[in-house]
Amino acid sequence: MALLEVVTFPDDRLRRKCRPLTTVDDKIRTLASDMLETMYDDEGIGLAAPQVGLDIRLVVIDIPAEDGTQKHNPLVLINPEIIAREGEVASTEGCLSVPEYTAEVKRAEKVTVKALDQNGVEQTYNADGLFAICLQHEIDHLDGKLFIDYLSTLKRNMLRKRYSKLKKEQQRAAAAR
Ligand code: NI
(Lines give C-alpha, C1' and ligand atoms only; values in the text may rest on other atoms or scores of the structure.)
Protein backbone atom coordinates (compact mmCIF):
# COMPACT_ATOMS: atom_id res chain seq x y z
CA MET A 1 0.00 0.00 0.00
CA ALA A 2 1.16 3.48 -0.80
CA LEU A 3 -0.07 7.02 -0.47
CA LEU A 4 -0.54 8.72 -3.83
CA GLU A 5 -0.11 12.38 -4.66
CA VAL A 6 -3.46 14.17 -5.04
CA VAL A 7 -3.65 16.47 -8.06
CA THR A 8 -5.23 19.86 -7.31
CA PHE A 9 -7.17 22.44 -9.32
CA PRO A 10 -6.35 24.00 -11.81
CA ASP A 11 -4.18 21.04 -12.95
CA ASP A 12 -5.02 19.95 -16.54
CA ARG A 13 -5.07 16.29 -15.53
CA LEU A 14 -8.37 16.93 -13.77
CA ARG A 15 -9.88 18.00 -17.10
CA ARG A 16 -9.38 14.88 -19.21
CA LYS A 17 -12.14 12.56 -20.33
CA CYS A 18 -11.04 9.24 -18.84
CA ARG A 19 -11.01 5.96 -20.77
CA PRO A 20 -12.85 2.80 -19.76
CA LEU A 21 -10.85 -0.09 -18.32
CA THR A 22 -10.90 -3.24 -20.43
CA THR A 23 -9.53 -5.60 -17.77
CA VAL A 24 -9.73 -5.73 -14.00
CA ASP A 25 -6.49 -7.25 -12.73
CA ASP A 26 -4.21 -7.17 -9.69
CA LYS A 27 -2.62 -3.95 -10.90
CA ILE A 28 -6.01 -2.22 -10.80
CA ARG A 29 -6.86 -3.78 -7.41
CA THR A 30 -3.57 -2.50 -5.97
CA LEU A 31 -4.22 0.94 -7.42
CA ALA A 32 -7.73 0.95 -5.91
CA SER A 33 -6.27 0.02 -2.47
CA ASP A 34 -3.72 2.81 -2.76
CA MET A 35 -6.47 5.25 -3.72
CA LEU A 36 -8.55 4.18 -0.71
CA GLU A 37 -5.56 4.60 1.59
CA THR A 38 -4.90 8.05 0.11
CA MET A 39 -8.58 8.98 0.52
CA TYR A 40 -8.66 7.87 4.18
CA ASP A 41 -5.44 9.75 4.85
CA ASP A 42 -7.03 12.95 3.53
CA GLU A 43 -10.35 12.21 5.28
CA GLY A 44 -12.29 12.07 2.03
CA ILE A 45 -15.31 9.93 1.19
CA GLY A 46 -14.59 9.51 -2.52
CA LEU A 47 -11.63 9.66 -4.89
CA ALA A 48 -11.48 9.33 -8.67
CA ALA A 49 -8.47 8.23 -10.77
CA PRO A 50 -7.84 11.66 -12.38
CA GLN A 51 -7.28 13.01 -8.85
CA VAL A 52 -4.17 10.84 -8.69
CA GLY A 53 -3.17 11.81 -12.24
CA LEU A 54 -4.61 8.83 -14.14
CA ASP A 55 -7.05 9.00 -17.06
CA ILE A 56 -8.98 5.80 -16.35
CA ARG A 57 -12.57 5.25 -15.26
CA LEU A 58 -11.95 4.14 -11.68
CA VAL A 59 -13.53 5.51 -8.52
CA VAL A 60 -13.32 4.57 -4.83
CA ILE A 61 -15.94 5.55 -2.28
CA ASP A 62 -16.47 4.99 1.44
CA ILE A 63 -19.49 6.61 3.04
CA PRO A 64 -19.47 6.61 6.85
CA ALA A 65 -22.53 5.09 8.56
CA GLU A 66 -24.94 7.69 9.89
CA ASP A 67 -24.93 6.20 13.38
CA GLY A 68 -21.12 6.24 13.39
CA THR A 69 -20.90 2.56 14.35
CA GLN A 70 -19.80 1.08 11.07
CA LYS A 71 -16.16 0.55 10.25
CA HIS A 72 -14.87 1.07 6.72
CA ASN A 73 -17.15 0.10 3.87
CA PRO A 74 -14.90 0.58 0.83
CA LEU A 75 -16.41 0.44 -2.63
CA VAL A 76 -14.48 0.18 -5.89
CA LEU A 77 -16.32 1.25 -9.03
CA ILE A 78 -14.89 0.55 -12.46
CA ASN A 79 -16.45 2.12 -15.59
CA PRO A 80 -19.37 3.47 -13.51
CA GLU A 81 -22.38 4.77 -15.38
CA ILE A 82 -25.46 6.61 -14.14
CA ILE A 83 -28.41 4.80 -15.70
CA ALA A 84 -31.24 6.63 -13.91
CA ARG A 85 -31.71 9.85 -11.93
CA GLU A 86 -34.60 11.13 -9.87
CA GLY A 87 -35.42 14.35 -8.03
CA GLU A 88 -33.17 17.27 -7.17
CA VAL A 89 -31.33 18.31 -4.03
CA ALA A 90 -28.95 21.05 -3.02
CA SER A 91 -25.70 19.59 -1.70
CA THR A 92 -22.77 21.28 -0.03
CA GLU A 93 -19.66 19.73 -1.49
CA GLY A 94 -15.94 19.82 -1.18
CA CYS A 95 -13.21 17.99 -3.07
CA LEU A 96 -9.71 16.82 -2.19
CA SER A 97 -8.59 18.44 -5.47
CA VAL A 98 -10.05 21.82 -4.45
CA PRO A 99 -8.70 22.01 -0.89
CA GLU A 100 -10.39 24.01 1.81
CA TYR A 101 -13.35 25.08 -0.26
CA THR A 102 -17.01 24.10 -0.19
CA ALA A 103 -19.98 25.27 -2.23
CA GLU A 104 -23.59 24.35 -2.73
CA VAL A 105 -24.47 22.65 -6.02
CA LYS A 106 -27.57 20.95 -7.38
CA ARG A 107 -27.62 17.18 -7.78
CA ALA A 108 -30.14 14.46 -8.50
CA GLU A 109 -31.61 13.16 -5.24
CA LYS A 110 -31.41 9.51 -6.25
CA VAL A 111 -29.33 7.74 -8.85
CA THR A 112 -28.96 4.22 -10.14
CA VAL A 113 -25.38 3.39 -11.06
CA LYS A 114 -24.01 0.40 -12.88
CA ALA A 115 -20.32 -0.45 -12.45
CA LEU A 116 -17.84 -3.31 -12.28
CA ASP A 117 -16.47 -4.11 -8.82
CA GLN A 118 -12.85 -5.00 -7.98
CA ASN A 119 -13.48 -8.56 -9.20
CA GLY A 120 -14.81 -7.38 -12.54
CA VAL A 121 -18.39 -8.33 -11.60
CA GLU A 122 -21.16 -5.97 -12.66
CA GLN A 123 -23.04 -4.36 -9.75
CA THR A 124 -26.02 -2.03 -9.65
CA TYR A 125 -26.37 0.56 -6.88
CA ASN A 126 -29.64 2.30 -6.04
CA ALA A 127 -28.34 5.28 -4.14
CA ASP A 128 -29.83 8.18 -2.25
CA GLY A 129 -28.55 10.66 0.35
CA LEU A 130 -24.82 11.23 0.60
CA PHE A 131 -24.04 8.08 -1.41
CA ALA A 132 -26.01 9.42 -4.41
CA ILE A 133 -24.26 12.80 -4.20
CA CYS A 134 -20.84 11.21 -3.90
CA LEU A 135 -21.45 8.95 -6.91
CA GLN A 136 -22.41 11.93 -9.07
CA HIS A 137 -19.43 13.97 -7.88
CA GLU A 138 -16.93 11.15 -8.54
CA ILE A 139 -18.37 10.13 -11.91
CA ASP A 140 -18.15 13.80 -12.97
CA HIS A 141 -14.40 13.60 -12.27
CA LEU A 142 -14.11 10.84 -14.91
CA ASP A 143 -15.49 13.27 -17.49
CA GLY A 144 -13.09 16.04 -16.46
CA LYS A 145 -15.74 17.86 -14.49
CA LEU A 146 -15.41 19.44 -11.03
CA PHE A 147 -18.15 20.55 -8.63
CA ILE A 148 -17.00 24.14 -9.02
CA ASP A 149 -18.02 23.94 -12.71
CA TYR A 150 -21.61 24.29 -11.49
CA LEU A 151 -20.78 27.71 -10.00
CA SER A 152 -20.80 30.99 -11.92
CA THR A 153 -17.89 31.75 -14.26
CA LEU A 154 -17.01 34.69 -12.03
CA LYS A 155 -16.69 32.51 -8.95
CA ARG A 156 -14.74 29.86 -10.82
CA ASN A 157 -12.28 32.42 -12.22
CA MET A 158 -11.78 33.78 -8.72
CA LEU A 159 -10.97 30.27 -7.51
CA ARG A 160 -8.62 29.66 -10.43
CA LYS A 161 -6.66 32.80 -9.51
CA ARG A 162 -6.61 31.88 -5.84
CA TYR A 163 -5.36 28.33 -6.43
CA SER A 164 -2.84 29.31 -9.14
CA LYS A 165 -1.34 31.86 -6.78
CA LEU A 166 -1.23 29.31 -3.97
CA LYS A 167 0.54 26.81 -6.23
CA LYS A 168 3.17 29.37 -7.29
CA GLU A 169 3.83 30.23 -3.65
CA GLN A 170 4.24 26.56 -2.80
CA GLN A 171 6.62 26.04 -5.75
CA ARG A 172 8.65 29.05 -4.71
CA ALA A 173 8.82 27.81 -1.14
CA ALA A 174 9.93 24.37 -2.35
CA ALA A 175 12.62 25.88 -4.58
CA ALA A 176 13.96 27.97 -1.70
CA ARG A 177 14.31 24.95 0.56
NI1 NI B 1 -13.82 15.56 -5.97
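All figures in this text were calculated on a predicted structure; none of them were measured in a lab.

Draft legend 1. Up close: the sheet that holds strand E3 (residues 75-86). Spatial ordering of the open sheet is given by E1-E2-E3-E6-E7, a layout of five strands whose pairing is antiparallel. Unpaired on one side and paired on the other, strand E1 (46-48) and strand E7 (122-127) mark the two borders of the sheet. If you compare each strand with its neighbour and ignore which way they point, the axes differ by 35° on average. Here E1 pairs with strand E2 (residues 58-61) via three bridges, running antiparallel.

Draft legend 2. The arrangement of the coordination of the nickel ion in detail. At this site the nickel ion is bound by Cys95 (SG), His137 (NE2) and His141 (NE2), with donor distances of 2.1 to 2.3 Å. The motif formed by the donor residues of the nickel ion, counted along the single chain, is C-x41-H-x3-H. Placement of both His137 and His141 in helix H2 (residues 129-142) is noted, with a separation of four residues, approximately one turn of the helix. Assigned by exposure class, His137 and His141 land together as buried.

Draft legend 3. Quick peek at the side chain of Ser97. Within the element layout of this structure, Ser97 appears in the loop between strand E4 (89-95) and strand E5 (98-107). A distance of 2.7 Å separates a polar side-chain atom of Ser97 from the backbone oxygen of Val7.

Draft legend 4. Here's a closer look at helix H1 (residues 26-41). The end-to-end C-alpha separation of H1 is 22 Å, in line with the 22 Å expected for 16 residues at 1.5 Å each. For H1, the set of buried residues is Ile28, Leu31, Ala32, Asp34, Met35, Leu36, Thr38 and Met39. For H1, the secondary structure elements touched by its buried residues are E1, E2 and E3. Positive backbone phi, at 60°, marks Glu43, one or two positions downstream of H1.

Draft legend 5. A look at the UniProt feature "active site" (unreviewed entry) in the protein. The feature "active site" (unreviewed entry), as given by UniProt, occupies Glu138 in the numbering adopted here. Tracing the backbone through its elements, the reader meets Glu138 in helix H2. If we ignore the near neighbours within four places in the chain, the residues touching Glu138 are Gly46, Leu47, Ala48, Gln51, Val59 and Ile61. In this structure the side chain of Glu138 is engaged in a polar contact, spanning 3.4 Å, whose partner is the backbone nitrogen of Ala48.

Draft legend 6. Expanded view of the nonpolar core. Judged by nonpolar contacts, the single largest core of 18 residues is most densely connected at Val59, Ile61, Leu77, Val111, Val113 and Leu135. Elements represented by at least two residues in this core include exactly E2, E3, strand E6 (110-116), E7 and H2. With five residues, H2 is the largest single contributor of residues to this core. Not counting residues up to four positions away in its chain, the partners in contact with Ile61 are Leu36, Met39, Ile45, Gly46, Asn73, Pro74, Leu75, Leu77, Phe131, Cys134, Leu135 and Glu138. Ranked by size, the runner-up nonpolar core spans 16 residues in total, among them Val24, Leu47, Ile56 and Ile78.

The rules behind each value
- Residues numbered from 1 in each chain as written.
- Predicted model: local features only at pLDDT ≥ 70, side-chain atom pairs only at ≥ 80, totals over all residues.
- Heavy atoms only, no water.
- Pairing = 2+ DSSP bridges.
- Helix = DSSP H or I, 4+ residues; strand = E, 2+ residues; numbered from the N terminus.
- Axes fitted to C-alpha atoms, helices over the stretch in contact; angles between N-to-C directions.
- Donors = N, O, S within 2.8 Å, 3.2 Å for Na, K, Ca; no water.
- Buried < 20%, exposed > 50% of the residue type's maximum accessible area, 1.4 Å probe, protein only.
- Polar contact = N/O pair within 3.5 Å; in protein donor to acceptor, adjacent residues only side chain to side chain.
- Expected span 1.5 Å × (residues − 1).
- Contact = heavy atoms within 4.5 Å.
- UniProt positions renumbered as here; feature names shortened; annotations may be inferred.
- Core = buried A, V, L, I, M, F, W, Y, C linked by side-chain atoms within 4.5 Å.

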